[in-house]
Protein chains: 2
Amino acid sequence: MDLAEVGAIAGGGVRRLALTDEDRRGRDLFARWCREAGCTVRYDAVGNVFARRAGRDGALPPVVTGSHLDTQPNGGRFDGAYGVMAGLEVVRALNDAGIETEAPIEVVAWTNEEGTRFAPSMMGSMAFAGLMSLDAVLGSRDAQGLAFGDELARIGYRGEGLGGRPIGAYFEAHIEQGPVLEETNHTIGVVTGGQGQCWYDLELAGQAAHAGSTPMDRRRDALLGAARVVEAVNRIGTAFPPGGVATVGHLSVSPDSRNVIPGRVSMSIEIRHPDDGRRAAMDAAVREAVADAAARGSLEATLHEVLDQPAAPFDADCVAAVREGARAEGLAYLEMVSGAAHDAIAISRIAPTAMVFVPCAGGVSHNEAESATPADLAAGCRVLARAMLARAGSAVRSGAAR
Amino acid sequence: MDLAEVGAIAGGGVRRLALTDEDRRGRDLFARWCREAGCTVRYDAVGNVFARRAGRDGALPPVVTGSHLDTQPNGGRFDGAYGVMAGLEVVRALNDAGIETEAPIEVVAWTNEEGTRFAPSMMGSMAFAGLMSLDAVLGSRDAQGLAFGDELARIGYRGEGLGGRPIGAYFEAHIEQGPVLEETNHTIGVVTGGQGQCWYDLELAGQAAHAGSTPMDRRRDALLGAARVVEAVNRIGTAFPPGGVATVGHLSVSPDSRNVIPGRVSMSIEIRHPDDGRRAAMDAAVREAVADAAARGSLEATLHEVLDQPAAPFDADCVAAVREGARAEGLAYLEMVSGAAHDAIAISRIAPTAMVFVPCAGGVSHNEAESATPADLAAGCRVLARAMLARAGSAVRSGAAR
């Protein structure tokens, strides 16, 4: 809640866009708290901040946890921030309990996960994982034309080095951003991986014409074709359980006048599925539905795939560590796939990874109304701590407990 | 084509918005041509221009024809202008043939039919017919805040009086603005009346949510509901032949983001039918379809009717005069209802009225590509002349023919 004061906005949410002064103040606060907890803090060439708690064997690859501190323009207090604060809480709890780990522990705040000021999203973790080049990140520009690299230097977080070092395991705690845990009365989501997804842009072209004087049987109504695609996309999402979803989120009509039959529609389509084979079948169904709507309505359809991201199954041992942590805490847990993208999905390409979800009220996220209960958030921290200790190895330092 | 030079734009079309300098120059040209044809020219309090060719009996109510000289922002050369020029051509032809009429003949250019600079459309004819008050017309403001009355005075066409005088008959020649005549190989449309229409605004409210992490069975997708309404509206238009049409021309989505399930959709619906009873049945079907889509999708629907305009059947004798004119000219004609609104629809409330349609290429109108053949345009003039003579009564003036 203290962190949420940085960039707080009227509706109870937070606006802390990547590499703004608010982001800088959030980072400063995080770094100060980590140093006060005995961590050494450094940041890399894209501004990812790593707070390291030494282990007995400094040669062992660290067990890392974290998430991001940047928010949506009208974001909530938990998306990202919870995962970073949960990592800090783990460090503080280990200190309080006098627990030493074999491997070092690091808490990371990845730069620009939201991708709302600089595109794409998950820049910091993708660059760390080698999925995006340093030049591409530093050269990315915001709507005002300001470069990522310049803004990063301006707020004082342009450091040295980028990835290339082994990570023993990566765990990320996050609010679910969906309604399933709350509606099924589970406290912990044991996340087994990330969905694969395809994003498309669709253009439908018909013939704009006078709505009064053009008979029904002589129309080439682009919006009628679009409506058939919207319904088909919904059917396709429903036809691929479990885990399949399909959505049309953007649609614009031209000329968009009350008395003119729409001559042109631009729309987005996206499909997601945890199984890439099933997603390929959804892709085929989408293409068939678009072709069918175009043929029925005498429309020209141009379908352009803008993203094809494979599914990211998480590491079985890390998932097991989260599951065991939930069991040991006696918490009701549900194994689930992450529908949203997270830094963990990028890191899972280079390190054993798993995630811990906690419920959020009504599944609402990317919204100022985002909310989660202290009890659920604390439970997530305890599960995270157990999973990390299982991977880092630990023992109570004699006489250090308070 | 000379008139089309006034306000000509690059694509071959015309931009001659109401009460602009282009409108003034168009009016000046029309008035000069009418005076050269022996007419007396006057204009009324809303700028409607009347060119009068005397009849033998000045006490008889005039037989009036005309249309409008203003255009869409990217309009064509024929919408409106053809009807005014056709009236002038009738006067010139009567002069050339030395034909005198019993009743006077008037050619009118109604002010602001398009309604694109000052709303609503058909202001001049509606005010003349007493369907709109003088104050409402003069007080109407454009996007820059300029008042209709001031702009009318600025271009020098703010005259005296408004309607209140009998009209023996009103005929308007116009391009069809639809594809029917061209596709069915008819030269003349004998227009039996104007469609009645209802316009609605519909708001559908669901729940915006994350497109990746919200399962299909937990969504309240406003765009899915809107798609079902679009399809239903299309079915309703098709289910009420002959003459029924139904259209969704405007639709906007909120938040309109690729990865967010639409929480809100605003859209327009319009239905038109020449028979008000059948239109009432269409209205009921629309309301049922909206309620059904809302119930299926767990959406809140707010349907607001913004226009309810009854059908305007034309005068049987005037329609017969047009039909007889087409027969006498040996032209293929089709009886049809006007899908578009015209000044004739307003005038039909106060005087016996009919319209003459001629084909336009591809049915395209409100578009720079608007086109019609000289032969069809001339045929329309001949039919118009015969219909007007039938109503005005005529005889060849001895020795006046050239």
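Our subject in this report is the structure included herewith. Everything numeric here is computed off the predicted structure, so don't read it as measured data.

Some details on the packing of helix α7 (residues 222–238) of chain A against helix α8 (residues 276–296) of chain A
All names here are of chain A.
Stage number 1. It is at 9 Å that the axes of α7 and α8 come closest, and there the two elements cross at 155 degrees. Relative to α8, the element α7 lies roughly antiparallel. For the element pair α7 and α8, the recorded crossing hand is right-handed. Residue-level inspection shows G225, R228, V229, A232, I236 and G237 of α7 in contact with α8, the latter providing M282, A285, V286, A289, V290, A293 and R296.

So, the pairing of strand β7 (residues 188–194) of chain B
Side chains on a regular strand alternate between the two faces of the sheet.
Residue and element names in this part refer to chain B.
Stage number 1. Across the seven residues of β7, six count as buried, placing the element largely inside the fold.
Stage number 2. Of the pairings in the sheet, the one linking β7 to strand β16 (residues 333–338) comprises six bridges and is parallel in character. Note that in β16 the partner of I188 across the bridge is Y333.

Points about the packing of helix α2 (residues 81–97) of chain A against helix α11 (residues 374–392) of chain A
Residue and element names in this part refer to chain A.
Stage number 1. Orientation of α2 relative to α11, taken along the N-to-C sense of each, is 65 degrees, at an axis distance of 9 Å. In this structure, α2 crosses over α11, and the sense of that crossing is right-handed. Contact residues: Y82, A86, G87, E89, V90 and L94 in α2; D376, L377, G380, C381, L384, A385, M388 and L389 in α11.
Stage number 2. The residue makeup of the contact of α2 with α11, split by class, is 10 nonpolar, two polar and two charged.

Quick notes on the pairing of strand β2 (residues 49–53) of chain A
Residues and elements named next belong to chain A.
Stage number 1. Among the five residues that make up β2, four are buried, leaving the element largely enclosed by the rest of the structure.
Stage number 2. Across four bridges, strand β1 (residues 40–43) lies against β2 in antiparallel orientation. Bridge assignment links R42 to a residue of β2, and that residue is F50.
Stage number 3. What sits between the antiparallel neighbours β1 and β2 is a turn of five residues, in which G47 has the positive phi angle 90 degrees.

Comments concerning the packing of aromatic side chains
Stage number 1. Scanning the model with the defined rule gives 12 aromatic pairs over all chains in all.
Stage number 2. Taking the centre distance of 5.2 Å and the plane angle of 65 degrees together, the rings of W110 of chain A and F128 of chain A count as edge-to-face. With a gap of 18 residues between them, W110 of chain A in strand β5 (residues 105–110) and F128 of chain A in helix α3 (residues 123–128) connect regions that are remote in the sequence. Each member of the pair, W110 of chain A together with F128 of chain A, is buried.
Stage number 3. With centroids separated by 5.7 Å and ring planes inclined at 90 degrees, the aromatic side chains of F50 of chain B and W110 of chain B adopt a geometry described as edge-to-face. Taken as a pair, F50 of chain B in strand β2 (residues 49–53) and W110 of chain B in strand β5 (residues 105–110) lie far apart in primary sequence, 60 residues in all. Residue F50 of chain B shares its accessibility class with W110 of chain B, and that shared class is buried.
Stage number 4. Members of the aromatic cluster, joined through ring pairs, are F50, W110, F128 and Y170 of chain A.
Stage number 5. Sitting over the face of the ring of Y157 of chain A, R27 of chain A holds its NZ or CZ atom 5.1 Å from the ring centroid.
Stage number 6. We note R165 of chain B situated over the ring of F50 of chain B; from NZ or CZ to the ring centre the distance is 4.7 Å.

Reading guide: rules and limits
Residues numbered from 1 in each chain as written. Chains lettered and ligands numbered in written order. Predicted model: local features only at pLDDT ≥ 70, side-chain atom pairs only at ≥ 80, totals over all residues. Heavy atoms only, no water. Axes fitted to C-alpha atoms, helices over the stretch in contact; angles between N-to-C directions. Helix = DSSP H or I, 4+ residues; strand = E, 2+ residues; numbered from the N terminus. Parallel < 35°, antiparallel > 145°, perpendicular 65-115°, else oblique. Left-handed = near helix turned anticlockwise from the far one by under 90°. Contact = heavy atoms within 4.5 Å. Buried < 20%, exposed > 50% of the residue type's maximum accessible area, 1.4 Å probe, protein only. Pairing = 2+ DSSP bridges. Nonpolar A, V, L, I, M, F, W, Y, C, P; charged D, E, K, R; others polar. Phe/Tyr/Trp six-rings, centres within 6.5 Å; stacked < 30°, edge-to-face > 60°. Lys NZ or Arg CZ within 6 Å of the ring centre and 35° of its normal.

Taken by themselves, the reported measurements are silent on function.
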